[in-house]
Amino acid sequence: MAKSNNTPIIREFILRADSQLQHQLFLLKPGTILRLVPGNEFRGLDVHFKWNYADEGHTFDRQSFTELTWQFVDPSCKYGDRFVEVPMNRPGNFDFRFWTVRDTRQTISQEYSGVFIVEPTITIGDRIVTIGGLTVQTLVPTCLGPIEEWWDRILVTANAGFNAVHFCPLQEMGSSRSPYSIRDQLRLEPSTFGCDQQHAKKLLKQFMDKARQPRADGGLDLVFLIDVVYNHTSKEAPWLVDHPEAGYSLSNTPHLKPAYVLDCAIQWFSRKLDSGLITFDDHHISAILHSESEAKFIVDVFFDTVTEYIRLWEFFVVDVEDALLEFKSIFVPNSSFPENTVARSQDVRLDSSMIVAGKSYDRFSTRLDIKAAAAALSHLSLTNAMAVIRKFLEQFNLEQYIRLDEDMTVAREAMFHTIVWERVNLRGPRKGRISRENPLVNPYFACVSAEDPSFIDDICINVSSHRSFRIPPSDVPCPLNLVDSRYILACNGWVWSADPARDFISEEKRSYLRREIVIWGDSVKLRYGDKPDDNPWLWEHMFTYTKEMAGMFSGLRIDNCHSTPKHVGQAMMDTARAANPNLIVLAELFTQSEEVDIIYTNTLGIDSLLHECMSTHSAGDYSRILHRFGGLPVGSFSSLPHHALPLLSAVPRITLLAASHDNEFPATKHTVFNSLPLFALSAMIHNGIGSTRGFEELFQANLSVVNEKRKYRPWKDSAAPGDINGVNFNTGILKPTQKLNSVHKWLEDDGFSEIYVDHLDDQCVSVTRRNPDTLEEISVFAYLVYHNHDLHVGRKTLGPLAYSGKIDTVLLRALPKDYTVDVLSHEDVAVGPNIQYDVEEDYSPLSLDTIRISIENGHPRMHIDLEPGEVVCLKFCPEKKVIDHLARIDHTLATLEASIAKYLPQLTAVDMNHVLFRCVRENESGPYKNDGAYIVPGLGSLKYAGVAGVIPVIEDIVAGNQLGHPLCDNIRSGDWLLSFISNHMRKRENTMFLSSVLDEILKGYQHIPINIKPKVFVEESFGRRLALASLQFYGIDAPYNQIDGDFALLICSSENIGKEIISLSAGLPHFAAGWMRCWGRDTFIALRGCLLIPHLFTEAKQMILAFASVVRHGLVPNLYDNGNNPRYNCRDATWFFLQSIKDFTTMNKDGISLLQEIVTRKYPTDNPSDKSTLDMPLSDVIQEIIQRHADGISFREWNAGSSIDQDMTEKGFDVDVIVKRETGFIFGGNQYNCGTWMDKMGSSFLGGNKGIPATSRDGADVEIVGLCKSVVSWLSKLFKQGHFPYAGVTESNGSTWTYENWSNTIQGNFEKYFWIPFESEPQDNFVIDSKLVHRRGIYKDVLGSTLGYSDYQLRPNVAVAMTVSPVAELFTRERAEHHLAACDRLLLGGMGMRTLDPA
């Protein structure tokens, strides 16, 4: 097992072309080293990465981005493998973005952006606590009394085991006495702290400083968090008089005017109800409601009568008669139209853009653009034009009437449901009689002027004409005429079942008019605008408030975060972290969407979201929450040897509250006996937990946040059960709560990072936390008691239950002594019912008769009895034999390390290929016959029989922690995979030591718990220590591994490999074995990367000499076929072969000696019947190849016809190559054969391309010209150094055309013939056919092709010439860069280069 240590955690973030990064959550623990690595799609590209992270000691500025500098694995490779590592020490949320620059003109590709969040830690007493270790209790300040009385009341919180207190706001309250209706954000509540604010803040600071100290030092081991409220402020806030622009007023938000008029009418109606003045159909309407029908009657009376007289439609419609009069006054018909051409009015249409909404939003402020209408209708007569306008405006007004009717229907329904909830519903607040202080519904608007014009009493509506509705008649002006619109501010609230992130005050929502808002009548909504400059005073005021709170408290809880504008929340939290870098940020989000939660979390840097147990309605529902937010599943992959785990998108962290301060308690919504099971199960999650004071005391209902007068009881050791003067461990579930809180903190501190949730039945759930290092487990079993559960069902037996190890200790058993609820109440003291619990802690399982152990099928099983509301917490320890087996595996692997160090130098590349690779087809015969590769049920066959077959699958599993992957299931089910790999290693003598080690591992592996087998298999895997990916192509050709004749020995005997044919596969698995395995072109394109760069020079030499032995016609074969039936049908393989020899001699310090190696030529002549052989040094073979090219090559393939190629036409079998002396270029091929690597032979009769290459490249191919230049330049240099005996090739007249001259000839002609010039360049300097040019500023792909147009196609082959030949010798740098930029722009795709210009 991988053990914990002090090594820093490394998380690797792969930069991907993922447009959804902003919707993903990337969490980092403080101190983590973040490794940034560009993904494969950015390989070879110029990647730029910027972020606004600032390490500790530096000022953080969200708008200041720094670009990181890459570290390159190979510094000489500009865009090769690269990374950067940064220690992430500063908590907070940090934006990043990255992009690529695609060409020399610095063209930026699509930008990708996201956020990293570094979690904070806090010090509690003498302990460092993370988010997952928080246990929070919410306290309502009004229930604590004056600060002088706090200590003994908050001592209850500390003794219950909580380590954090969350306060509702402590600021000065408005008259509603709600802590959330803050009168002044910069003043503390005088009734709690006194009127001297300086002294008040000093008292609070002193109290918290003392409480933060360890218990041993007289403290409470507590830290403190507080709510911050940004959405609203009390309507009585004194600063609103001077700064009414801080709210949404009728002045700065005039579209609210009709909603305000409706609100005034409702308040007027409410007061008339209070006065008893309203009668309908001779029925007096009472101010006291008893039923829904009475509520509906009142609402119907209002909307069917009163709304008619406030004429709301006037705010939306156009005054038609007024518009016609104005139109008539300016309209002038166009006399240029003959009378008989005047259009009929019914054929004319006006555009809706001619309707102009008035900025004042007053009655009839919506107008017709008269001038535009007159211009549009000038060809009509006045009569016809006015008819068009009347019809147009009446249609527009009709649409407004319909929409307003829809608004009023919604408003009627919303008002009805509000009245029913507040006055009729038994679970509602039951407000009682309608009165001035307690109106029919809360007002939507507040007047905040210094002199409130109490005009509502005087506003009446003349409705005396209505036959059924009678009030004293009067006729007063509209209320808009009586107020200063700056001081009429919209109250805040929320909209039921709506997206809480959407601004419900916007004009298009019309939520205030539609009465959709659950309104908070004591607070006005704050208006920040888009930036501080939009409302400077408000922003500065809230910045000051935020800094003060962050400086005093360890954490902030953002109240109503979902309706706080994200940019406001972000700016405030940045300010808060500047004051307190390790600040914890909690938030309540009611978005109903995890994706939206992540957006808020990223934007504000939220550390934990608040969730409630009380939102669940069954054991199954609760277990789903526990599983989703509990932590990593048991058996998760926490590390990989020699490899950093990837940083993946995470689930948002939560703080799971057993109950919150503003929602129902179990006694109200479930049963009071559900309290302990809810809290016990929540204590097991790998996240923060909490509750609200009163939950542990089993209150029947939570205390009211608004105007609560009862006080919490203090801690009193001597208090008897039910004592109103104090509480202690005899009260409610305080004692088991204390134990569960200590267990929760222990789980976090001691590394119990894995969780398993088991929904046992309809009422019972168990949760297990495991320490992955020690294999210790803590399990809680709980019997939940939701609403309507029959408590008389009594005890139930669960089991048989599987478990690991042995039961070490019963940490807790708690259950109600009986199920009688003795309700207590007191008008001054908050008290719960007197319910007693039996609580036992830390004792031997042997004394617990409700747990029974049995053995079933050789495995231990447990039965456990539970009563309703009971909780049992058990500690399990692993059996000694499991620890011994894991130690045995560790010891064996340590032996493996030594074995590898000893035997690795003795392994040949073939041995390494065997250990790592061998695909199915390679294992078809010989000692491997029928082995294949391992087959995983549900997944299929692995790619390789060696360990490289399983490593990529493992990496994918680890990357996503896919414990349900078929491979994990297979590993848990049996030990077959390890046995298969062990047997595979046994097939070669040099790898048998690995088989012995695996067999030893198996002896221990068979006895460890099955749920950790995948983890052990992955973390102890030795495969990565051996992986050399280049060797996957290099190995034994299975069907030919037993060869008769001397030729096989000729190739291999010098390396003592025996009778094994060794070759590079052209590609797996299709070219894995047989005559199709090895190809000359593929071998020598790949030789540098697969064998030379890894310094496998012996293996590279074998390949070179093997192909040199079968040179014929001056060519190496394209299809090798183990040297038996080679095909010589390509022009480029020979030049890649010669380039490989050059690379061998330059990359290997003794490489020049290769030229003197003796090659036994199998085909020394072109005569098929000649069976002789000939020995010669490799240098002579090289010379023969080049001399044959210089002389000209012309032959027809042996056995030409369908027996060797069923698709090729007759002409395709003809092979011709010449060297033109005037240019030095090699020409060859015809339009019917495939002489280079980008010629694909057509094979379809239906497609009409059988025997016709799709993109024929006959002529002088640019890459062959580049290869030729590279080779002849090299040979010229070798000749001068005395390492090569030939100065050049011999001409027909006996003269020598030196390699130096040949090289210079190519150099002098290359751009003349291959460059396609810009229009601005002298065209006569270049050889082009302008009629065939469709793209300029690039190099030709080929010269002199039969088809002609193919010369001018943009293809990536020029890059080969640039790679092998010095760019400065063949290319003008600016032209080369322009060509590469075109390739980058037009050919580069997500998976590599396209082979042909899409144009």
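Look a little higher up for the structure.
All values reported here derive from a predicted model rather than from experimental measurement. (Residues numbered from 1 in each chain as written. Predicted model: local features only at pLDDT ≥ 70, side-chain atom pairs only at ≥ 80, totals over all residues. Heavy atoms only, no water.)

### A closer look at the overall build of the chain
Then comes step 1: Looking only at helices and strands, the chain has 33 helices and 58 strands in total.
Then comes step 2: Burial status across the chain gives 56% buried among its 1399 residues.
Then comes step 3: For the chain, the accessible surface area stands at approximately 58200 Å², while carbon and sulfur atoms represent 51% of it. (Helix = DSSP H or I, 4+ residues; strand = E, 2+ residues; numbered from the N terminus. Buried < 20%, exposed > 50% of the residue type's maximum accessible area, 1.4 Å probe, protein only. Areas by Shrake-Rupley, 256 points an atom, 1.4 Å probe, with all protein chains shown as cover.)

### What to know about the sheet that holds strand 16 (residues 223-228)
Then comes step 1: Reading around the barrel, the eight strands line up as 12-13-16-26-27-28-31-32 and close back on themselves, with parallel pairing between neighbours. Geometrically, the sheet is characterised by an average inter-axis angle of 30° between neighbouring strands, direction not taken into account.
Then comes step 2: Note: strand 28 (residues 608-612) against strand 31 (residues 654-657), four bridges, orientation parallel. Looking across to strand 31, one finds that Leu-609 is bridged to Ile-654. (Pairing = 2+ DSSP bridges. Axes fitted to C-alpha atoms, helices over the stretch in contact; angles between N-to-C directions.)

### Focus on the sheet that holds strand 2 (residues 26-28)
Picture the strands of a sheet paired through backbone hydrogen bonds; they go either parallel or antiparallel.
Then comes step 1: Within the open sheet, the five strands sit side by side as 2-9-8-4-5. Their pairing is mixed. Unpaired on one side and paired on the other, strand 2 and strand 5 (66-67) mark the two borders of the sheet.
Then comes step 2: Relative to strand 9 (residues 112-118), strand 8 (residues 92-101) is paired through seven bridges, and the arrangement is antiparallel. Across the sheet, residue Asp-95 finds its bridge partner in strand 9, namely Val-115.

### Quick word on the side chain of His-541
Then comes step 1: On the secondary structure map, His-541 appears in helix 10 (residues 536-552).
Then comes step 2: Ignoring sequence-local partners within four residues, the contact set of His-541 consists of Asp-184, Gln-185, Leu-186 and Trp-239. (Contact = heavy atoms within 4.5 Å.)

### Details of the pairing of strand 3 (residues 32-38)
Then comes step 1: Of all seven residues in strand 3, seven are buried, a share of seventy percent or more.
Then comes step 2: The two faces of strand 3 match: Thr-32, Leu-34, Leu-36 and Pro-38 on one face and Ile-33, Arg-35 and Val-37 on the other face are all buried.
Then comes step 3: The sheet contact formed by strand 1 (residues 10-15) and strand 3 spans six bridges and is parallel. What sits directly across from Ile-10, in strand 3, is Ile-33.

### Remarks on the packing of helix 27 (residues 1133-1147) against helix 28 (residues 1178-1191)
Then comes step 1: The geometry of helix 27 relative to helix 28 is characterised by a closest axis approach of 12 Å and an angle of 145° between their N-to-C directions. Seen along the crossing, helix 27 lies across helix 28 with a hand that is left-handed. Residues Thr-1134, Trp-1135, Phe-1137, Leu-1138 and Ile-1141 of helix 27 touch helix 28, and the partners they reach there are Leu-1178, Ile-1182, Ile-1185, Ile-1186 and His-1189.
Then comes step 2: Each residue belonging to the contact of helix 27 with helix 28 can be placed in one class, and the counts come to eight nonpolar, two polar and no charged. (Left-handed = near helix turned anticlockwise from the far one by under 90°. Nonpolar A, V, L, I, M, F, W, Y, C, P; charged D, E, K, R; others polar.)

### Description of the pattern of salt bridges
Then comes step 1: Evaluated as defined, the whole model comprises 78 salt bridges.
Then comes step 2: Here Arg-35 makes a salt bridge to Glu-12, at a shortest N to O gap of 3.3 Å. Taken together, the positions of Arg-35 in strand 3 and Glu-12 in strand 1 put the pair 23 residues apart, joining distant regions of the chain.
Then comes step 3: Asp-362 serves as the salt-bridge partner of Lys-257, at 2.8 Å between the closest nitrogen and oxygen. Taken together, the positions of Lys-257 in helix 5 (residues 257-275) and Asp-362 in the loop between strand 20 (355-356) and strand 21 (367-368) put the pair 105 residues apart, joining distant regions of the chain.
Then comes step 4: Beyond isolated ion pairs, a larger network of salt bridges with shared partners links Arg-1131, Arg-1257, Asp-1261, Glu-1263 and Asp-1341. (Salt bridge = Lys/Arg side-chain N within 4 Å of Asp/Glu carboxyl O.)

### Here's the deal with the side chain of Thr-307
Then comes step 1: Within the element layout of this structure, Thr-307 appears in helix 6 (residues 292-310).
Then comes step 2: What Thr-307 contacts, discounting residues up to four positions off in sequence, is Leu-262 and Phe-302.

### Details of the environment of Pro-800
Then comes step 1: Summarising the element assignment, Pro-800 is placed in strand 36 (residues 796-802).
Then comes step 2: Relative accessible area serves as the criterion here: at 42%, Pro-800 is assigned to the partly exposed category.
Then comes step 3: For the pair Pro-800 and Ser-854, spaced 54 residues apart in the sequence, the C-alpha separation amounts to 8.4 Å.
Then comes step 4: What Pro-800 contacts, discounting residues up to four positions off in sequence, is Glu-856, Arg-861, Met-862 and His-863.

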